[in-house]
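Next come the chains, spelled out residue by residue.
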Amino acid sequence: MESKKAKIKRMIKSECEATATRMYKTTYADIKKYFKVINEGVFKNKLSPFNDIQIKNLTRQKVYGQVWIKDNKRKGTRWYLLEMDEKYKNFSEFLNTLGHEMVHLYQLANCGDSGNHNKLFYSYRPKLKEIGLGQI
């Protein structure tokens, strides 16, 4: 019987191979779909979805994706914003960026960490590799 992580890895591999040479245009549907897949495979469904997702041109900022914390001091609430670039070289680059930003979300929302690239951040590298995402 195939494990859940093996199924996720096979799915990601087949979709990345099918689109390896094509430019990928980011969609909200793919962000939501693969958020669920990565959340299940890496974080055991401990992450809540982002409160807000924006797809915009981030190339001027020289980033592919980023997570922001928004605090409403008057209401005493906090929410998390994911910004993803409009286009990626291929689907694999999109998935790696999404996984990378999800680790930042986990650090910020679940661990109360700073969200920096530190020991906690890098401890997720092997977990992402288990499902076929290699670069964070």
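The rules behind each value
- Residues numbered from 1 in each chain as written.
- Predicted model: local features only at pLDDT ≥ 70, side-chain atom pairs only at ≥ 80, totals over all residues.
- Heavy atoms only, no water.
- Pairing = 2+ DSSP bridges.
- Helix = DSSP H or I, 4+ residues; strand = E, 2+ residues; numbered from the N terminus.
- Axes fitted to C-alpha atoms, helices over the stretch in contact; angles between N-to-C directions.
- Contact = heavy atoms within 4.5 Å.
- Expected span 1.5 Å × (residues − 1).
- Buried < 20%, exposed > 50% of the residue type's maximum accessible area, 1.4 Å probe, protein only.
- Polar contact = N/O pair within 3.5 Å; in protein donor to acceptor, adjacent residues only side chain to side chain.
- Parallel < 35°, antiparallel > 145°, perpendicular 65-115°, else oblique.
- Nonpolar A, V, L, I, M, F, W, Y, C, P; charged D, E, K, R; others polar.
- Phe/Tyr/Trp six-rings, centres within 6.5 Å; stacked < 30°, edge-to-face > 60°.

Enquirer: Hey, could you run me through the sheet that holds strand S3 (residues 65-72) in this one?
Expert: Backbone hydrogen bonds are what pair the strands of a sheet, in a parallel or an antiparallel way. An order of S2-S4-S3 is seen for the three strands of this open sheet, with the pairing classed as mixed. The open sheet has two free edges, formed respectively by strand S2 (52-56) and S3, since each of these has just one partner strand. Direction aside, neighbouring strands of the sheet carry axes that sit 25° apart on average. Sheet topology places S3 next to strand S4 (residues 77-85); eight bridges connect them, and they run antiparallel. Pairing of Asp-71 across the sheet is with Arg-78, part of S4. Packing against the sheet, helix H2 (residues 28-42) makes contact with S2 and S4, and its axis sits at approximately 130° to S2.

Enquirer: What exactly am I supposed to notice about helix H3 (residues 91-110) here?
Expert: Residues separated by three or four positions in an α-helix point in the same direction, a consequence of the helix having 3.6 residues per turn. Given a rise of 1.5 Å per residue, 20 residues ought to cover 28 Å, and the 28 Å separating the end C-alpha atoms of H3 matches this to within 8%. A large share of H3 lies buried, amounting to 17 of its 20 residues. Among the residues of H3, the N-terminal cap falls to Asn-90, whose side-chain oxygen and the backbone nitrogen of Ser-92 are separated by 3.2 Å. Immediately beyond the C-terminal end of H3, within one or two residues, lies Gly-112, with a positive phi of roughly 65°.

Enquirer: Help me out: how do you make sense of the packing of helix H1 (residues 4-18) against H3 in this one?
Expert: Each packed pair of helices is defined by two parameters, the angle between the axes and the distance between the axes. Closest axis-to-axis distance for the H1/H3 pair is 8 Å, and the angle between their directions is 140°. Between H1 and H3, the angle falls in the class oblique. Along the contact surface, H1 presents Ile-12, Glu-15 and Cys-16, while H3 presents Phe-91, Ser-92 and Leu-95. A breakdown of the residues in the contact of H1 with H3 according to their chemical character gives four nonpolar, one polar and one charged.

Enquirer: Mind showing me how you'd approach the packing of aromatic side chains here?
Expert: One pair of aromatic rings is described through two measures. These are the centre distance and the angle between the planes. In this structure the tally under the stated criterion is eleven aromatic pairs. For the ring pair Tyr-24 and Phe-91, a centre distance of 5.1 Å and an interplane angle of 70° mean the geometry is edge-to-face. In this pair, Tyr-24 is assigned in strand S1 (residues 24-25) and Phe-91 in helix H3, connecting sequence segments 67 residues apart. Considered together, Tyr-24 and Phe-91 belong to a single accessibility category, that of buried residues. Put simply, the rings of Tyr-24, Tyr-34, Tyr-64, Tyr-88, Phe-91 and Phe-94 touch in pairs and so form one group of aromatic residues.

Keep in mind these numbers describe shape, not what the thing actually does.
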